[in-house]
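# Coordinate analysis (summary)
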Amino acid sequence: MLKILLLTTVIIAIGMAFFCVKLIFRKNGSFTSQHIHDSEAMRERGIHCVMDQDRELRRKSRFAVSERTKS
């Protein structure tokens with residue numbers, strides 16, 4: 001049982017080291033943003049995240065989703 005715990009800890013430590021290589025070895029290293037609105041390609045295509053789309057709709061109209069009445 002102890003061997004499995006030690007092996008698991010070593011594997012996780014190695015994974016975290018590989019994950020943080022950019023942060024450790026680069027001056028002012030940081031992770032790039034994964035948000036859709038920070039992607040230039042997505043902005044060029046006019047694609048926004050759901051939160052931004054909802055915010056825009058709320059500014060334009062009284063309701064975020066248009067409400068239709070049955071006729």
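From N to C terminus, the protein includes four helices and zero strands. When the elements of the protein are put in sequence order from the N terminus, they spell out α-α-α-α. When each of the 71 residues of the protein is scored for burial, the buried share is 6%. Entry remark: accessible area of the protein is about 7,200 Å², with carbon and sulfur atoms responsible for 62%.

A cluster of nonpolar side chains, Leu6, Val10, Ile12, Ile14, Met16, Phe18, Phe19, Val21, Leu23, Ile24, Phe25 and Phe31, forms an exposed patch at the surface whose accessible area comes to about 1,300 Å². Going through the elements one at a time, α1 (2-19) and α2 (21-25) are the ones with two or more residues in the nonpolar patch. Counting residues per element, the nonpolar patch draws most heavily on α1, which supplies seven residues.

Turning our attention to α1. Compared with an ideal rise of 1.5 Å per residue, which puts 18 residues at 26 Å, α1 spans 26 Å between its outermost C-alpha atoms and is within 8% of the ideal. Taking burial as the measure, the 18 residues of α1 include zero buried ones, a minor fraction of the element.

For the rest of this paragraph, the subject is the pattern of salt bridges. Scanning the entire structure with this criterion turns up one salt bridge. With a closest N to O distance of 2.8 Å, aspartate 54 and arginine 58 form a salt bridge. Separated by four residues within a single helix, aspartate 54 and arginine 58 lie in helix α4 (residues 50-60), roughly one turn from each other. For arginine 58, a relative accessible area of 54% corresponds to the exposed category.

Looking at the protein, the pLDDT average stands at 79 and 86% of residues meet or exceed 70. Taken element by element, the protein is modelled with least confidence in α2, mean pLDDT 77, and with most confidence in α1, mean pLDDT 93.

About the cut-offs
Residues numbered from 1 in each chain as written. Predicted model: local features only at pLDDT ≥ 70, side-chain atom pairs only at ≥ 80, totals over all residues. Heavy atoms only, no water. Helix = DSSP H or I, 4+ residues; strand = E, 2+ residues; numbered from the N terminus. Buried < 20%, exposed > 50% of the residue type's maximum accessible area, 1.4 Å probe, protein only. Areas by Shrake-Rupley, 256 points an atom, 1.4 Å probe, with all protein chains shown as cover. Patch = residues over 30% accessible without salt bridge, like charges linked within 9 Å, V, L, I, M, F, W, Y side chains within 5 Å. Salt bridge = Lys/Arg side-chain N within 4 Å of Asp/Glu carboxyl O. Expected span 1.5 Å × (residues − 1). pLDDT = per-residue confidence, 0-100.

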